[in-house]
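Tertiary structure, described
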Amino acid sequence: MFPSLAFSWKRFVRLGVTALVTLVFLFLPIHIYLAWLYAHLVLNPGCQGNRSSLEVYGFPSEAVEFPSRNGLVLRGWFSRGEQHPEIAIIALPGHGGNTEAALPEAGILAQAGYSTLIYEHRSCADPSLQASTGYYEAYDVLGAVDYLRSRPDVEHIGALGISEGGTAIILAAAQEPALEAIIPMGGYTSLEDDILDPQAELGLYDRLVRRLVLWTVGWQLGIPPRASSPVSVIGQIAPRPILLIYGEHEAVNGQALYEAAHEPKDLWVVPGAGHAGYYYAQPEEYRQRILTFFDTVFAATNSQTP
C-alpha cells in the first residue's frame, strides 16, 4: 500500500509541475504581447490637435523653426509681448499635444504682456517618433531655450508645462540655468514609479504585469524608465524658483516633488481637480497663480539687472 501511495504522490507532483510549466509557456507570451501593445499605444498617441497660434486669440504670431538638442527640427510660434517683450515663457501641453493644446496657458501669459513660445510636439514633427512622456521632450525644451537665447529681443526665459510637458521642463531646467523660473503641472515623480505604483496595494499578478509593462516601455524607448526621474533632479534647479501645480486627486506626486525640491519653491494643490483639470476647477485662481509667480520672479530679476 505504501509504495503505491508514494508512486501516486510523485506522479501528482510531476503532473502539477508539467501543468505549471505549460501555463507559463502558454500565458507568458500572451502577457508579454499585451504589455508590449499597451506600451506601444501609450508611447505612440499620434499628433494630438493642430499647429495653431495665438492669432486665434488676437495676438500676432511669428512662425519659427529651431532644432531640438537631439537634432529634430521643430516648428512653432513666437508671440511678442506688449508689456514684457524681453521675457519669454515657453508653454508646453501634455502627452503628444500640438500647439493648439498650449493656447489657453499661452493666452493667459500673452494677455499679461509676456512674450510666448509654443511649438509642435516631436510626434507632430515626425509621426514615426514616440511621445516619451517627458524624457526626449526635455531635449526639445532645451532646443527652445537655445532658440530664445539667440533672439536679441529676449533677455529672460521661463516655462510652464502640463503633465508630460511638466516632466520635460523639470528635466530640462535641471540641465539649463537659462530657464529662470518654471511651473510644472501634473507630471510624475519618475516613469518607473508611475508604472509600478509602489504605494498601491496590488497583488502579485498585478505587480508582475506592471513589471512586464515597465520592461516593454524601456525596450521601446531605448532607455531605462528610471532615467526619466524628475524627483531625482528637481533639487538641482535651485535657487531658481518653482511653482508646482497638482490636482487634489494627484497631490501625492506634487508633494513628493515639492519635498525633493529646494527653496524657493511652492505647491498649489487645486481643490476638486483631477489630472490636468486645473483651469476648469479653479479658472480665476489658476490664472492668478501663474501670473503672480512670473510677475514676482521677473520683477525681482529686473530689479537686480544693472
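The structure we're discussing is the one just above.
A brief report on the enclosed structure follows. Please read these numbers as outputs of a predicted model, since none were measured by experiment.

**What to know about the overall build of the protein chain**
The helix and strand inventory of the protein chain stands at 11 helices and eight strands. Split into buried and exposed, the 306 residues of the protein chain put 49% on the buried side. Across the protein chain, contacts joining residues at least 24 apart in sequence account for 71% of those joining residues at least 6 apart.

**Observations concerning the pattern of salt bridges**
All told, the structure shown has 11 salt bridges when counted by the stated rule. The closest approach of N and O atoms between Glu 62 and Arg 151, which form a salt bridge, is 3.3 Å. You can see Glu 62 sitting in strand S1 (residues 62–67) and its partner Arg 151 sitting in the loop between helix H4 (137–150) and strand S5 (156–162), a full 89 residues away along the chain. Classification of Arg 151 as buried rests on a relative accessible area of 13%. Note that Arg 122 and Asp 140 form a salt bridge whose closest N and O atoms lie 2.9 Å from each other.

**Observations concerning helix H2 (residues 103–111)**
Judged by how many residues are buried, H2 sits mostly within the fold: seven of nine residues are covered. Residues of H2 that are buried: Leu 103, Glu 105, Ala 106, Gly 107, Ile 108, Leu 109 and Ala 110. Within two residues after H2, Gly 113 carries a phi angle of roughly 95°, on the positive side.

**Here we look at helix H5 (residues 164–173)**
Counting buried positions along H5 gives 10 out of 10 residues, so the element sits mostly inside the fold. Buried within H5 we find Glu 164, Gly 165, Gly 166, Thr 167, Ala 168, Ile 169, Ile 170, Leu 171, Ala 172 and Ala 173. Elements that come into contact with the buried residues of H5 comprise strand S3 (84–92), H4, S5, strand S6 (179–185), helix H8 (230–233) and helix H9 (251–260).

**Let's talk about the pairing of strand S4 (residues 114–119)**
Most of S4 is tucked away, with six of its six residues classed as buried. Burial along S4 is two-sided: Tyr 114, Thr 116 and Ile 118 facing one way and Ser 115, Leu 117 and Tyr 119 facing the other are all buried. Note that strand S2 (residues 73–79) and S4 share four bridges and pair antiparallel. Note that in S4 the partner of Gly 76 across the bridge is Tyr 119. Two elements, S3 and S4, share four bridges in a ladder whose sense is parallel. Bridge pairing in S4 places His 84 opposite Tyr 114. The handedness of the S3 to S4 crossover, carried by H2, is right-handed.

**Some thoughts on the packing of aromatic side chains**
A complete count under the given rule lists 11 aromatic pairs for this structure. Look at Phe 66 and Tyr 119: their rings are 5.3 Å apart centre to centre, the planes differ by 85°, and that puts the pair in the edge-to-face class. Taken together, the positions of Phe 66 in strand S1 and Tyr 119 in strand S4 put the pair 53 residues apart, joining distant regions of the chain. Phe 66 gets classed as buried once you look at its relative accessible area, which sits at 3%. In this structure Tyr 119 comes out as buried when scored by relative accessible area, which is 6%. Ring geometry for Tyr 279 and Tyr 286: centres 6.1 Å apart, planes at 75°, overall edge-to-face. What makes Tyr 286 buried here is its relative accessible area of 0%. Site record: aromatic cluster; members linked through ring pairs are Tyr 114, Phe 293, Phe 294 and Phe 298. One residue, Lys 265, lies across the ring of Tyr 258, its end atom 4.3 Å from the ring centre.

**Digging into the nonpolar core**
The nonpolar side chains of a soluble globular protein tend to be buried with one another. Core analysis: the largest hydrophobic core is formed by 38 residues, its most contacted members being Ile 90, Leu 117, Tyr 119, Leu 148, Leu 179 and Ile 182. With seven residues, the single largest contributor to this core is H4. Ignoring sequence-local partners within four residues, the contact set of Ile 90 consists of Leu 117, Tyr 119, Val 141, Ala 144, Val 145, Leu 148, Ile 157, Gly 158, Ala 159, Leu 160 and Leu 179.

Cut-offs applied
- Residues numbered from 1 in each chain as written.
- Predicted model: local features only at pLDDT ≥ 70, side-chain atom pairs only at ≥ 80, totals over all residues.
- Heavy atoms only, no water.
- Helix = DSSP H or I, 4+ residues; strand = E, 2+ residues; numbered from the N terminus.
- Buried < 20%, exposed > 50% of the residue type's maximum accessible area, 1.4 Å probe, protein only.
- Contact = heavy atoms within 4.5 Å.
- Salt bridge = Lys/Arg side-chain N within 4 Å of Asp/Glu carboxyl O.
- Pairing = 2+ DSSP bridges.
- Right-handed = clockwise from strand over helix to strand, strands pointing away.
- Phe/Tyr/Trp six-rings, centres within 6.5 Å; stacked < 30°, edge-to-face > 60°.
- Lys NZ or Arg CZ within 6 Å of the ring centre and 35° of its normal.
- Core = buried A, V, L, I, M, F, W, Y, C linked by side-chain atoms within 4.5 Å.

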